[in-house]
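These are the residues of each chain, in order.
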Amino acid sequence: MSKSQECANTVVAALVAQGVTDIVLCPGSRSAGLALAAEAAPVQLHVRIDERTAGFLALGLAKANRTPVAVITTSGTAVGNLLPAVMEASHSQIPLLILSADRPAWLEDFGANQTTAQSGIFANFVRWQANLDSNAPASSWSAQTTRGFGHAIGAFGEHAGPVQLNVHLAEPLVDAPPIKLPDLPRVDFRPGNRVQKVLELAPELRTVVICGDATPGTGKQARKLAETAMLPLIAEPSSNARFGSNALSCGRIILGSELANQIQRVIVFGHPTLSRGVSALLARDDVEIVVAGGSRNDPGQRAQYFADEVVIPAGDLTWLDAWKATDAAAAAKLPRTGDALTGLELASQVLAAVSGDEVLVLGSSNPIRDADLAPIPERESPLVYANRGLAGIDGTLSTAMGIALGSHKPTTLLCGDLTFIHDSNALAIGVAEPSPKLRIVVADDSGGSIFATLEYGQPQFDSVFERLFAAGVPTDLVAVAQAYQVSARRITTRAELRRALSVPVNGLEVLVVQLDRSHRATHARQLTQIAADIAVG
């Protein structure tokens with residue numbers, strides 16, 4: 001057996017021993033040995049032609065499974081294409097294992113084909129990185145791979161996140177099939193050195209609970225605290241906490257009202273990134289900030305306490321009642337729909353259509369912000385995911401596919417048209433690959449409508465807005481999807497939308513919903529005015 005194939009077999013076998021169940025592969029020459037090993041392994045193998053797509057597919061799988069997923073690439077620019085997914089995984093604390101095949105180290109800096117400095121290419125976005133060498137002792141291959149797995153799951157004290165195993169493979173690269181993997185033992189990683197602690201707080205301070213993007217477990221913890229302590233809960237759509245009697249549908253609007261000035265303490269769960277109002281609240285020097293749920297996210301740099309669990313006795317209902325009354329008043333003043341479908345209406349309908357045993361994925365920019373103003377569901381909401389580590393639109397379709405395949409549940413993605421175009425390569429799925437049960441709902445408002453809600457949407461920017469900010473691309477999104485042989489159709493009326501969403505998700509389909517974005521700037525101003533108009537409860 002060639003040393004390179006033996007090394008590749010050992011690396012993959014070590015991952016299998018640790019419980020890795022999914023591997024994403026991008027075909028290439030230098031990575032051929034790893035590809036053959038992965039194909040022979042008892043895992044679900046996913047093959048993609050685009051490394052950026054592959055990285056985000058792996059991210060989605062890892063999000064759904066909460067276990068490391070490996071990505072195999074060949075050498076050269078292939079590795080660099082994984083950077084956006086690695087960055088998102090780092091900030092979202094998602095365990096990815098990058099297996100980057102490399103040329104022998106002695107070829108670097110001499111102009112050898114497809115050879116560059118791959119070691120350290122992801123800089124501080126990985127928790128750990130190692131160079132494996134097919135000419136090194138065989139014991140080092142499994143040891144380094146297993147150590148990388150440990151770092152990916154946060155077993156050494158850091159948070160979970162991505163790891164790079166850069167594998168130098170010398171020729172001859174492969175052996176002929178069949179490939180037989182070695183049987184390696186599992187290493188039992190113990191929990192890291194993070195201290196579990198409970199913080200008990202008095203109920204006297206006027207307190208709100210904020211929950212940003214979070215896992216279902218963290219969302220449940222935030223919701224439980226709010227309900228047992230009788231506190232208002234401002235939960236982002238991907239917090240998995242945005243339902244129940246204490247959750248507010250217009251929390252971000254109320255933070256611009258007089259009521260928000262009375263806040264004395266904030267309990268923060270997850271990764272809050274969605275609202276400028278929340279960011280401003282977390283930066284206030286007159287508010288006690290407590291970061292809970294084991295997180296260390298402190299975007300306002302004002303946190304006084306960090307705790308895994310927070311306990312507060314139930315206080316006076318007057319404070320919660322004031323927030324609920326103000327929330328109802330704000331919801332009643334939300335902009336009403338006109339003749340054309342709006343983003344807020346689309347988001348509300350999508351959220352209402354996804355059942356509790358399904359999965360919802362929300363794209364960045366306006367879709368998730370529209371969902372942030374949707375009514376609070378009376379029933380328990382579905383699992384909700386979003387790429388909020390860095391809140392980019394990169395790889396959104398690929399992430400949703402990974403979540404659908406990893407969760408084995410019908411999944412709905414709501415995203416914008418630029419997000420769809422940016423990752424349309426995700427629709428290029430090989431005929432031998434498993435296809436997700438995924439409905440992609442595209443809010444097609446001809447460009448980056450979120451900018452219309454920001455400073456650049458003001459009239460003085462009219463002459464440059466379309467080119468510099470909206471960046472609308474005259475593209476038939478239905479035709480794009482159909483070119484990949486994906487079922488797609490355009491939705492133009494409310495009745496069509498209701499009918500389409502009422503059909504169970506079964507396979508991969510695209511619904512392109514035509515929206516009017518001319519209202520966006522006006523609606524943004526109306527939301528600001530609501531905060532000034534609502535009465536304090």
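Residues numbered from 1 in each chain as written. Predicted model: local features only at pLDDT ≥ 70, side-chain atom pairs only at ≥ 80, totals over all residues. Heavy atoms only, no water.

Draft legend 1. Representation of the packing of helix 1 (residues 3-17) against helix 6 (residues 138-152) within the structure. Between helix 1 and helix 6, the shortest axis-to-axis distance is 9 Å and the interhelical angle comes to 35°. Here helix 1 and helix 6 pass one another in a crossing that is right-handed. Every residue of helix 6 that contacts helix 1 at K3, E6, C7, T10, V11, A14 and L15 is listed here: A138, W141, S142, T145 and T146. Partitioning the contact of helix 1 with helix 6 into residue classes produces 6 nonpolar, 4 polar and 2 charged. (Axes fitted to C-alpha atoms, helices over the stretch in contact; angles between N-to-C directions. Helix = DSSP H or I, 4+ residues; strand = E, 2+ residues; numbered from the N terminus. Left-handed = near helix turned anticlockwise from the far one by under 90°. Contact = heavy atoms within 4.5 Å. Nonpolar A, V, L, I, M, F, W, Y, C, P; charged D, E, K, R; others polar.)

Draft legend 2. Highlighting the sheet that holds strand 17 (residues 438-444). The parallel open sheet is built from 6 strands, whose spatial order is 15-14-16-17-19-18. Strands at the two margins of the open sheet, each flanked by one partner only, are strand 15 (383-385) and strand 18 (487-491). Averaged over all adjacent pairs, the angle separating strand axes in this sheet is 20°, with direction ignored. Here 7 bridges tie strand 17 to strand 19 (residues 508-514), and the two strands are oriented parallel to one another. (Pairing = 2+ DSSP bridges.)

Draft legend 3. Here's a closer look at the nonpolar core. Judged by nonpolar contacts, the single largest core of 52 residues is most densely connected at V209, I263, V266, I267, V310 and W323. Setting aside residues up to four positions removed in sequence, W323 forms contacts with V208, P232, I234, L248, I254, L255, L259, A260 and I263. (Core = buried A, V, L, I, M, F, W, Y, C linked by side-chain atoms within 4.5 Å. Buried < 20%, exposed > 50% of the residue type's maximum accessible area, 1.4 Å probe, protein only.)

Draft legend 4. Just the sheet that holds strand 2 (residues 44-47), in detail. Pairing within the open sheet is parallel, and its 6 strands lie in the order 2-1-3-4-6-5. Every other strand in the sheet has two partners, leaving strand 2 and strand 5 (128-133) as the edge strands with one partner each. Across the sheet, the mean angle separating the axes of adjacent strands is 20° when strand polarity is ignored. Two strands pair when backbone bridges link them, and strand 4 (residues 96-102) and strand 6 (residues 163-168) are joined in this way by 6 bridges, in the parallel orientation. Counted as the bridge partner of I98 is Q164 from strand 6.

Draft legend 5. Inspection of the confidence of the model for the chain at higher detail. Looking at the chain as a whole, its pLDDT mean stands at 92, while 98% of the residues score no less than 70. The low-confidence segment residues 191-196, where pLDDT is below 50, has 12 contacts with residues more than four positions distant or belonging to other chains. (pLDDT = per-residue confidence, 0-100.)

Draft legend 6. Fine view of the pattern of salt bridges. Counted by the stated rule, this structure contains 9 salt bridges. The partner of R242 in a salt bridge is D372, with the nearest N and O atoms 3.9 Å apart. Taken together, the residues span a long stretch of sequence, with R242 in the loop between strand 9 (233-235) and helix 8 (251-254) and D372 in the loop between helix 12 (366-371) and strand 15 at a distance of 130 residues. Of the two residues, R242 and D372, neither departs from the other in class, the shared state being buried. Note that E288 is salt-bridged to R265, the shortest N-O span being 2.8 Å. In this pair, E288 is assigned in strand 11 (residues 288-291) and R265 in strand 10 (residues 265-269), connecting sequence segments 23 residues apart. On the basis of relative accessibility, which here comes to 18%, the residue E288 falls in the buried class. Residues joined by salt bridges that share partners form a network here, namely R242, R252 and D372. (Salt bridge = Lys/Arg side-chain N within 4 Å of Asp/Glu carboxyl O.)

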